[in-house]
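The primary structure of each chain is shown beneath.
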Amino acid sequence: MSFREFKEHVKKSVEIAIGEADYPLIDYELFEPPRPEFGDLSANVAFMIANKLGLNPLEVAEAIGDKLRIPEDSLIADFEVHEPGYINFKVRYPDLAYRSILDAISKEDYGSLNIGKGKKVCVEHTSVNPNKALHIGHVRNLVLGDSIYRVLKFTGHDVQILNYIDDSGSQIADIVVGFKYAGFPLEPPDGKKFDHYCGDHVYVKVNELYAKKPELIMKQKEVLKAMEEGKSDIADFAKELTKRILKEQLKTCWRIGAYYDCLNFESHIIEAKIWDRLFNLMKDKGIVQFVKEGELSGCWVIKMEGEDKEKVLKRSDGTLTYIAKDIPYAAWKIGLIEDPFQYDIFIKQPNGKDLWSSVSGKGKDEHPSFGNSDLAITVIDVRQSRLQKIISYILSLLGGKSEKKYLHLSYEVVSLSKKTADELGITIEKKEFIHMSGRKGIYMNADDVLDALHKKAYEETKKRNPDESEEWHHNIAEKVAISALRFDLIKQDLDKMIVFDLSEALNLEGETGPYVQYAHARASSIIQKAGIIPIITLDGASLLNDPIERELVKMISKFDLYVEEAVKNLSPKTLARYAYQLATDFNAFYERKPVLQEKDETKREARIALVHAFRNVVKTAFNLLGIETPDRI
RNA sequence: GGGCCCGUGGCCUAGAAUGGAUUAGGGCGUCAGCCUGCGGAGCUGAAGGUCGUGGGUUCAAAUCCCGCCGGGCCCA
């Protein structure tokens, strides 16, 4: 925590000095200098002022330096003006070390912030069509959404997690056709998980069959129509099928560590007929226009500022385009319409939390309030950007001056590497990767990746802990597997495509989740052997003065700054990188600074406290990424 | 045709919002070391770079602006 204080102290002192030197107050940056001899924080304020006033940066820096006064009780030890114009500050290290270690070992919520207090946020993620198993691309969505949920919660937001279920699309009809008209047995012959069976066999094969047996396409249309009308054997069958697959998908989600508050079914959105209300509202406000002539004659369209093309919402034959289903749902999320849904408990989740869902007909009288958030975050990949942009635009018009916001959190897709595709029997020409497609059978199921990771981790942990039980090994292997997968999918930038390669993913060394878990386990081992309650004194803290220790301490003291960055930018990768850096600093410390063997008692106790501090922080950071940190792996 | 995104050593990647410090961080892979010291999923070191390319802005550009090339996506 105290690095933030240090930063604030510097900021205040600089501002006072700027005023006394008669310079204008200007936006500037405090950053960590590239080399330790330049101190702990640098200000580029002299450059900014010099730029604006046409002066020499060094002279400005010196003038500010002349006026700079360090208050007695501040965390600033010293400062120095350095060419070509930086003002470098040194922290009062013993105080920084003492305070941050003390906080890290004593505060349960070390690193948490209260910046989201009173703010209601909903996060929609996963939203996989319920006709197949989750593949590795869906997991990127889930991991991103779930991590953001965790960070938002940690920073005081009131968060709800939604999962949108498109139960009325043609993909559902496809598998209904498979079971009802193409002769697939309802029970997987090989005992396969039901969602895998439906996705890998029924869905893919039915789509292949359409080419050979056109009569099946007619059947698909019939099924779709029956589903739309409801209340028929086929419609009921489709509903049950969807539920069964959904429940299997949820098992995979829970396995990865994601839980939800509410499932929103597309069929219920249609049933509630909120589109008409919304459409009238849009007509009243003049957001949509009726086209009288030309190509789009008879259509209701919307025109976005700065774009020359209209987007059709309602076709001339009265049918709605895809986006017309999304707008009501989005409007519901931020409370632009009254809640039209009925709710009931869908299932109790393994973490004990009830999972609610919208229902057809009458639901439970009492239920949590869903939707109506101040901020709605929708996690969908970049291919939906245009549609999402239109939705945001429409909502901003509908909402008027309201502070409520709809946000599309976009990320690039996951594709398969040539090598991994080859191993799955998928041939690629020329290119080094291939985009996944459920319909074409080009994908890698999440459970299969996890199973492969589990197997690898199991072999490793068994070697290391030969005396433990099978159950123990599998338990740990699973946690390591989840760690490897989640870390791998969250660590890079959202606008970069991930070319998934199984053999690379199976490497559990280097910049990976297991690396961080390993550092945590090493710390736990020391703590267990030390067997004492950690204590830290100012004297002890001042002995942690080796550059290696200073790095680790400073990293710990900056945790909340990284949390803040992660939540402000909605970028969990910040925390993944932080956790990795922290673990690297710890490993360096571990290799070179003996803890238990240290002769000097004060120093030993201080180091033990540092190990405790590290362990708490890395655990919290990984929790925010949905990754567990066992004491032994 | 219009729009969005990406391009950093053999491969992957951070740094880009807010331009700065004669060493552009990591990881994989390669090579060489390190357990009679708390767990080697580790540590140390080495080799490997026109930051796609050409121009512009600036005292200063991987970072900002424009053109081009290559790749991906969306819309028509």
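Student: Would you mind showing me how to read the protein's contact with RNA strand B here?
Tutor: Arg 35, Ser 42, Arg 464, Lys 496 and Tyr 518 are the nearest of the 55 residues found near RNA strand B. For RNA strand B, the backbone portion of the atoms within 4 Å of the protein, that is sugar and phosphate, comes to 65%. Take Tyr 515: an N or O atom from its side chain is 2.6 Å from a phosphate oxygen of RNA strand B. Those elements giving two or more residues to the surface near RNA strand B turn out to be helix H2 (45-53), strand S4 (86-91), strand S16 (433-435), helix H15 (446-464), helix H18 (513-530) and helix H22 (573-592). Partitioning the surface near RNA strand B into residue classes produces 20 nonpolar, 13 polar and 22 charged.

Student: Explain the domain arrangement of chain A to me, please; I cannot follow it from the model alone.
Tutor: A common way to state how big an interface is: give the accessible area lost once the parts meet. Each assigned domain of chain A is listed here: domain 1 (3-91), domain 2 (97-115 + 509-624) and domain 3 (416-505). For domain 1 versus domain 2, the separation of C-alpha centres amounts to 29 Å. Each side of the interface is counted separately: domain 1 has six residues, and domain 2 has eight residues. Between domain 1 and domain 2 lies a buried interface of about 800 Å² when both sides are counted; carbon and sulfur atoms form 40% of it. A per-residue breakdown of the area domain 1 buries against domain 2 is headed by Phe 3, Arg 4 and Glu 32, which together make up 64% of the total. Taken together, the links from domain 1 to domain 2 amount to five salt bridges. With a closest N to O distance of 2.6 Å, Arg 4 and Asp 560 form a salt bridge. Scanning the region where domain 1 abuts domain 2 turns up five residue pairs in polar contact (both at pLDDT 80 or more). Looking at the side of domain 1 that touches domain 2, its residues break down into two nonpolar, no polar and four charged.

Student: Explanation requested: the packing of aromatic side chains in the structure shown.
Tutor: Aromatic ring pairs are defined here through the distance separating the ring centres and the angle between the ring planes. Scanning the model with the defined rule gives 26 aromatic pairs in all. Ring geometry for Phe 79 versus Phe 89: centroids 6.0 Å apart, planes at 35 degrees, classification tilted. Here Phe 89 lies in strand S4 and Phe 79 lies in strand S3 (residues 76-82), a separation of 10 residues in the sequence. Between Phe 179 and Phe 194, the ring centres sit 6.2 Å apart and the planes meet at 10 degrees, which makes this aromatic pair stacked. You can see Phe 179 sitting in helix H6 (residues 170-181) and its partner Phe 194 sitting in helix H7 (residues 194-212), a full 15 residues away along the chain. Take Phe 179 and Phe 194: they sit in the same class, and that class is buried. An aromatic cluster is built from Tyr 164, Tyr 329, Trp 332, Phe 341, Tyr 343 and Phe 370, whose rings are joined through pairwise contacts. Directly above the aromatic system of Tyr 93 lies the positively charged group of Arg 550, at a separation of 4.2 Å from the ring centroid. When the ring centre of Phe 3 is taken as reference, the NZ or CZ atom of Lys 558 above it lies at 5.2 Å.

Student: So what exactly am I meant to see when it comes to H22 here?
Tutor: Three or four residues apart is the spacing at which side chains of an α-helix point the same way, because the helix has 3.6 residues per turn. Spanning 20 residues, H22 covers 29 Å between terminal C-alpha atoms, matching the ideal 28 Å at 1.5 Å per step. Buried residues of H22: Thr 574, Leu 575, Ala 576, Tyr 578, Ala 579, Leu 582, Ala 583, Asp 585, Phe 586, Asn 587 and Phe 589, and no others. Along its buried surface, H22 packs onto helix H5 (136-154), helix H16 (470-490), H18, helix H20 (547-557), helix H21 (559-568) and helix H23 (601-624).

Student: Can you walk me through the pairing of strand S11 (residues 342-348) in this structure?
Tutor: Regular strands place their side chains on alternate faces of the sheet. Note that S11 and strand S12 (residues 354-359) share six bridges and pair antiparallel. In the sheet register, Asp 344 faces S12, and the bridge partner there is Ser 357.

Student: Help me understand the packing of H5 against H16, please; the structure alone is not making it clear to me.
Tutor: Packed helices, taken two at a time, are described by the angle their axes make and the gap between the axes. Contact geometry for H5 and H16: axes closest at 9 Å, N-to-C directions at 85 degrees. With respect to their mutual orientation, H5 and H16 come out roughly perpendicular. Of the residues in H16, those in contact with Ile 136, Val 139, Arg 140, Val 143, Leu 144, Asp 146, Ser 147 and Arg 150 of H5 are Leu 485, Arg 486, Leu 489 and Ile 490.

Student: Quick question: what am I supposed to make of the sheet that holds S16 here?
Tutor: The pairing of strands in a sheet happens through backbone hydrogen bonds and is either parallel or antiparallel. Across the sheet, which stays open at both edges, the three strands sit in the order S16-S15-S17 with mixed pairing between neighbours. Of all the strands in the sheet, the pair left with one neighbour each is S16 and strand S17 (498-500). Looking at each pair of strands side by side, their axes are set apart by 40 degrees on average, direction ignored. The sheet contact formed by strand S15 (residues 414-417) and S17 spans three bridges and is parallel. For Leu 416, the partnering residue across the bridge sits in S17 and is Phe 500.

Calculation rules
Residues numbered from 1 in each chain as written. Chains lettered and ligands numbered in written order. Predicted model: local features only at pLDDT ≥ 70, side-chain atom pairs only at ≥ 80, totals over all residues. Heavy atoms only, no water. Near = heavy atom within 4 Å. Polar contact = N/O pair within 3.5 Å; in protein donor to acceptor, adjacent residues only side chain to side chain. Helix = DSSP H or I, 4+ residues; strand = E, 2+ residues; numbered from the N terminus. Nonpolar A, V, L, I, M, F, W, Y, C, P; charged D, E, K, R; others polar. Domains from an automatic or database assignment. Contact = heavy atoms within 4.5 Å. Buried area = accessible area lost by both parts, 1.4 Å probe. Salt bridge = Lys/Arg side-chain N within 4 Å of Asp/Glu carboxyl O. Phe/Tyr/Trp six-rings, centres within 6.5 Å; stacked < 30°, edge-to-face > 60°. Buried < 20%, exposed > 50% of the residue type's maximum accessible area, 1.4 Å probe, protein only. Lys NZ or Arg CZ within 6 Å of the ring centre and 35° of its normal. Expected span 1.5 Å × (residues − 1). Pairing = 2+ DSSP bridges. Axes fitted to C-alpha atoms, helices over the stretch in contact; angles between N-to-C directions. Parallel < 35°, antiparallel > 145°, perpendicular 65-115°, else oblique.

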